[in-house]
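Spelled out from the first residue to the last, the chains are:
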Amino acid sequence: MDNKAEILGCHIDIIDSRQALEKISEIILGRECGQVITLNAEIAFQAQKDEKLRSLINGADLVTPDGIGVIWGGRQLGYDFPERVTGIDLMVSLCRKAANMGWKVFLFGAAPGVAEAAAQTLAKQFPGLMVAGCRHGYFNDDESVGIAREIAALQPDILFVALGAPKQEYWIRDQREVLKVPLCMGVGGSFDVIAGVKSRAPGWAIRLNLEWLYRLLAEPSRWKRQLALPRYVLAIIKAKWRK
Ligand code: UDP
């Protein structure tokens, strides 16, 4: 049985990056049309109050601990996550594996031109990587099915969706039947970072678990979203106390 933690009603796999990549490979080889979610504290907190979001998360095939908030929350509640398994790291290691295995990737999301630039960077980094296609992420709701059909026609093995969380997760779930892609994964702002449009926190900030603070300083407009963090801490303390 899979080893999972339960944090504010969300089931999260207790898994390291290597195991996550193995599980993803199994899903791709099994042609299962799987969905991967890399979960952070903001979304876990949102899900506590939102039944629809919670069942979306709990219906995914793999949910990894993306942020330090989830790792910390897990520890408080008696779960020992080995490490953060972030969307961007998983995407890059999955592209490395895709190049070796001959799996085709599709990049959907971010501003016009960004997915193409990210795909070029990845193809340079991993020679042999097959890019089935790219599409920007600005569209009306009534275009969704058409976009999913266009992606399906190109038959990628892996679809990376960068629309921000949880929009990308809902989009994947809603279009899964049309897409019929073996593996779909939401990756937030990863295309921007890979394309060099935005920079990721420096290594020392990541090691000190301060990536969230770096993002807040680099993009002050995120402060509203990050207001959820102190409330998340309180919710975890309450959950610990109840336990
Ligand atoms: N985005 C998009 N379509 C939208 C809204 C957002 O393609 O309708 C893109 C946006 O350009 C950015 C990414 O989604 O590349 C969201 O990045 P963010 O870092 O905010 O992701 P999160 O932290 O929500 O996972």
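Novice: Please give an account of the pairing of strand β5 (residues 104–109) that cites residues and values.
Specialist: The element β5 is largely enclosed, with a buried count of 5 among its 6 residues. As defined by bridge partners, β5 adjoins strand β6 (residues 130–135) across 5 bridges and the pair is classed as parallel. Directly across from F106, in β6, lies its bridge partner G133. Read as a crossover between parallel neighbours, the route from β5 over helix α6 (residues 114–125) to β6 is right-handed. With 5 bridges connecting them, β5 and strand β7 (residues 158–162) associate as parallel partners. Of the residues in β7, the one forming a bridge with L107 is F160.

Novice: So, the packing of aromatic side chains: which residues are in play, and what are the values?
Specialist: Any pair of aromatic rings gets described here by the distance separating the centres and the angle formed by the planes. According to the stated counting rule, one finds 2 aromatic pairs in the structure shown. Taken together, a centroid distance of 5.6 Å and an interplanar angle of 40 degrees make the contact between F108 and F139 tilted. Separated by 31 residues along the polypeptide, F108 in strand β5 and F139 in the loop between β6 and α7 (144–153) bring together distant segments of the chain. Residue class for F108 comes out buried when judged on its relative accessible area of 0%.

Novice: Can you break down the site of the ligand residue by residue, with the values?
Specialist: In the vicinity of the ligand lie 16 residues, with G137, Y138, K167, D192 and R215 positioned nearest. Y138 has a polar side-chain atom sitting 2.8 Å from an oxygen atom of the ligand. Between the ligand and A165, the relevant distance is 3.1 Å, taken from an oxygen atom to a main-chain nitrogen or oxygen of the residue. Across the complex, the protein chains shield 82% of the 550 Å² of accessible surface that the ligand would expose by itself. Looking at the shell around the ligand residue by residue, the classes come out as 6 nonpolar, 5 polar and 5 charged.

Novice: Run through the packing of helix α2 (residues 41–49) against helix α13 (residues 228–242), naming residues and quoting values.
Specialist: The N-to-C vectors of α2 and α13 enclose an angle of 65 degrees; their axes lie 9 Å apart at closest approach. Read as a crossing pair, α2 and α13 show a hand that is left-handed. Residues A41, E42, A44, F45, Q48 and K49 of α2 form the contact with α13, whose participating residues are A228, L229, R231, Y232 and A235. Among the residues making up the contact of α2 with α13, the classes are represented as 7 nonpolar, 1 polar and 3 charged.

Novice: Tell me about the side chain of Q168, residues and numbers included.
Specialist: Along the chain, Q168 turns up in helix α8 (residues 167–179). From its side chain, Q168 meets the backbone nitrogen of G188 in a polar contact 3.0 Å long. Discounting chain neighbours no more than four positions away, the residues touching Q168 are V161, A162, L163, G186, V187 and G188.

Novice: Tell me about the nonpolar core, and please be specific about residues and values.
Specialist: If you look at the biggest cluster of nonpolar residues, it comprises 36 residues, and the most contacted ones within it are L94, L107, I158, F160, L183 and F191. Contributions of two or more residues to this core are made by α1 (17–29), α5 (87–101), β5, α6, β7, β8 (183–186) and α9 (190–195). At 8 residues, α5 tops the list of elements feeding residues into this core. Excluding residues within four positions of it along the chain, F160 makes contact with M91, L94, C95, V105, F106, L107, F108, M185, V187 and F191. Ranked by size, the runner-up nonpolar core spans 29 residues in total, among them I43, L53, V70 and I236.

Novice: With reference to specific residues and values, describe the side chain of S190.
Specialist: For S190, the location among the structural elements is in helix α9. Among the residues examined, S190 registers a relative accessible area of 4% and is labelled buried. Among the polar contacts listed, one links the side chain of S190 to the backbone oxygen of V187, at a separation of 2.6 Å.

Novice: I'd like a description of the sheet that holds β8, backed by residues and values.
Specialist: Sheet architecture is open: 6 strands sit in the order β4-β3-β8-β7-β5-β6, paired in parallel fashion. In the strand order of this sheet, the two ends are held by β4 (62–65) and β6, each with one partner. Taken over all neighbouring pairs, the strand axes of this sheet differ in orientation by 15 degrees on average, direction set aside.

Novice: Mind laying out the environment of I236, listing which residues take part and the relevant values?
Specialist: Secondary-structure assignment places I236 in helix α13. On the accessibility criterion, I236 (0% relative accessible area) is buried. If we skip the residues at most four places from it in the chain, I236 touches I7, L8, W72, G73, Q76 and L77.

Basis of the calculations
- Residues numbered from 1 in each chain as written.
- Predicted model: local features only at pLDDT ≥ 70, side-chain atom pairs only at ≥ 80, totals over all residues.
- Heavy atoms only, no water.
- Buried < 20%, exposed > 50% of the residue type's maximum accessible area, 1.4 Å probe, protein only.
- Helix = DSSP H or I, 4+ residues; strand = E, 2+ residues; numbered from the N terminus.
- Pairing = 2+ DSSP bridges.
- Right-handed = clockwise from strand over helix to strand, strands pointing away.
- Phe/Tyr/Trp six-rings, centres within 6.5 Å; stacked < 30°, edge-to-face > 60°.
- Near = heavy atom within 4 Å.
- Polar contact = N/O pair within 3.5 Å; in protein donor to acceptor, adjacent residues only side chain to side chain.
- Areas by Shrake-Rupley, 256 points an atom, 1.4 Å probe, with all protein chains shown as cover.
- Nonpolar A, V, L, I, M, F, W, Y, C, P; charged D, E, K, R; others polar.
- Axes fitted to C-alpha atoms, helices over the stretch in contact; angles between N-to-C directions.
- Left-handed = near helix turned anticlockwise from the far one by under 90°.
- Contact = heavy atoms within 4.5 Å.
- Core = buried A, V, L, I, M, F, W, Y, C linked by side-chain atoms within 4.5 Å.

Remember, this is a structural readout, not a statement about activity or role.
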